[in-house]
Amino acid sequence: MITVFALHIYLGTALQPPVTYWYDINRCRYFARRIMNQPPMPAETSTPREKITAICKLQKVKNGTEIYH
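For every chain, the first residue of its written sequence is number 1, and the numbers climb from 1 along that sequence. For this predicted model, a pLDDT threshold of at least 70 governs which residues receive local features, and a threshold of 80 or more governs which side-chain atom pairs are given and counted, while totals over whole chains, interfaces and linings are taken from all residues. Excluded from the side-chain calculation are hydrogens and water; included are all heavy atoms of the structure.

A.B. asks: With reference to specific residues and values, describe the sheet that holds strand S1 (residues 2-11).
C.D. replies: If DSSP finds at least two bridges between two strands, the strands pair. Numbering of helices and strands runs from the N terminus, with a helix taken as a DSSP run of H or I at least four residues long and a strand as a DSSP run of E at least two residues long. Reading across from one edge, S2-S1-S3 is the order of the three strands in this open sheet, with antiparallel pairing throughout. With partners counted over all chains shown, the strands left at the sheet margins are strand S2 (14-22) and strand S3 (52-61), one partner each. For this sheet, the mean angle separating the axes of adjacent strands, direction not counted, is 25°. When S1 meets S2, the two strands line up antiparallel, connected through six bridges. Residue Ile9 lies in a different strand from S2, and its bridge partner there is Gln16. Axis geometry follows a simple rule: fit a line to the C-alpha atoms, using only the stretch in contact for helices, then measure angles between N-to-C directions, giving values from 0 to 180 degrees.

Right, dumping it as structure tokens:
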């Protein structure tokens, strides 16, 4: 097992797959900030827009899991 930073992206309260894994917290947070700075998803006329939230969590993964630098 290896400890990495997992980038979780939520649309409203629903976790959106896939979760990506990063060796470096700064790279993970870079992408989290970029994702959260996106404009909201276009809404249909009567439904509210869903908020996009991206966070980095410390997580253990199995050896062989794809981890980005």
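A.B. asks: Let's hear about the state of the cysteines: which residues, and what values?
C.D. replies: Disulfides are defined as pairs of cysteine sulfur atoms found within 2.5 Å of each other. Following the criterion strictly, the structure yields one disulfide and no others. Bridging Cys28 to Cys56, the disulfide has an S-S length of 2.1 Å. Sign of the S-S torsion, about -110° for the bond between Cys28 and Cys56, identifies this disulfide as left-handed. In this pair, Cys28 is assigned in helix H1 (residues 25-36) and Cys56 in strand S3, connecting sequence segments 28 residues apart. For Cys28, a relative accessible area of 0% corresponds to the buried category. Burial status follows relative accessibility: with a 1.4 Å probe on protein chains alone, a residue under 20% of its type maximum counts as buried, one over 50% as exposed, and anything between as partly exposed. According to the relative accessible area criterion, Cys56 is partly exposed, its value standing at 23%.

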